[in-house]
Amino acid sequence: SLRWNQTGVVVAGTGNSGSALNQFDRPNCIHIDDRDSMYICDHQNYCVKRWLPNATSGIPVTNPNNNDHVMHLAIDKNGSFYVSDHGEDHVLRY
């Protein structure tokens, strides 16, 4: 059965917008893999960050120089990332 915390618990980010590895600026998509790592689109920081379980900061897994406003993320069975953005009008594979 579906269970959730009625009030929510912060599991990534500080609640303050920013560009540090422990912050986001308009996160807008999340993918959780089979090891419970979260992959989060950091829209205004132009990258995808990976957060390991119980981590206090993220690890950039895409190059912010190649993206402009990351919108969506997909991961295929081989572990390749596909990232779409609305600034460059393309989809990148990492």
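A few points on the structure. (Residues numbered from 1 in each chain as written. Predicted model: local features only at pLDDT ≥ 70, side-chain atom pairs only at ≥ 80, totals over all residues. Heavy atoms only, no water.)

Ranked by size, the top nonpolar core spans 8 residues in total: Cys29, Tyr39, Cys41, Val48, Val70, Leu73, Phe81 and Val83. If you list the elements that add at least two residues to this core, you get strand 2 (38-42), strand 5 (70-75) and strand 6 (81-85). Residues within four places of Val48 in sequence aside, it is in contact with Tyr39, Ile40, Cys41, Ile59, Pro60, Val61, Thr62, Val70, Leu73 and Val83. (Core = buried A, V, L, I, M, F, W, Y, C linked by side-chain atoms within 4.5 Å. Buried < 20%, exposed > 50% of the residue type's maximum accessible area, 1.4 Å probe, protein only. Helix = DSSP H or I, 4+ residues; strand = E, 2+ residues; numbered from the N terminus. Contact = heavy atoms within 4.5 Å.)

Bridge count for strand 6 against strand 7 (residues 90-93) is 4 bridges, and the pairing is antiparallel. Across the sheet, residue Val83 finds its bridge partner in strand 7, namely Leu92. The antiparallel pairing of strand 6 with strand 7 creates a hairpin that spans 4 residues between the two strands, and Asp89 there sits at a positive phi of about 55°. (Pairing = 2+ DSSP bridges.)

Turning next to the pairing of strand 2. For strand 2, a buried count of 5 out of 5 residues is recorded, marking the element as mostly surrounded by other parts of the structure. The alternating pattern of strand 2 places Met38, Ile40 and Asp42 on one face and Tyr39 and Cys41 on the opposite face, and all of these are buried. Here strand 1 (residues 27-32) folds back onto strand 2 in antiparallel fashion, the turn holding 5 residues, of which Asp36 has a positive phi close to 65°. Examined bridge by bridge, strand 2 and strand 3 (residues 47-51) share 5 bridges and lie antiparallel to one another. Directly across from Ile40, in strand 3, lies its bridge partner Lys49. Linking strand 2 back to strand 3 in an antiparallel pair, the connection comprises 4 residues, with Tyr46 at a positive phi of about 65°.

The final tally for this structure, using the stated rule, is 1 disulfide. Covalent S-S linkage joins Cys29 and Cys41, the inter-sulfur distance amounting to 1.7 Å. Within this pair, whereas Cys29 is found in strand 1, its partner Cys41 is found in strand 2, the two being separated by 12 residues in sequence. For the pair formed by Cys29 and Cys41, the shared burial category is buried. Here Cys47 stays free of any disulfide, with the sulfur of Cys41 as its closest cysteine sulfur at 9.3 Å. Given a relative accessible area of 4%, Cys47 falls into the buried group. (Disulfide = S-S within 2.5 Å.)

Here the focus is the environment of Gly15. For Gly15, the location among the structural elements is in the segment before strand 1. By relative accessible area, Gly15 is classed as exposed at 76%. In this structure, the C-alpha to C-alpha distance between Gly15 and Asp25, residues 10 residues apart in sequence, is 9.7 Å.

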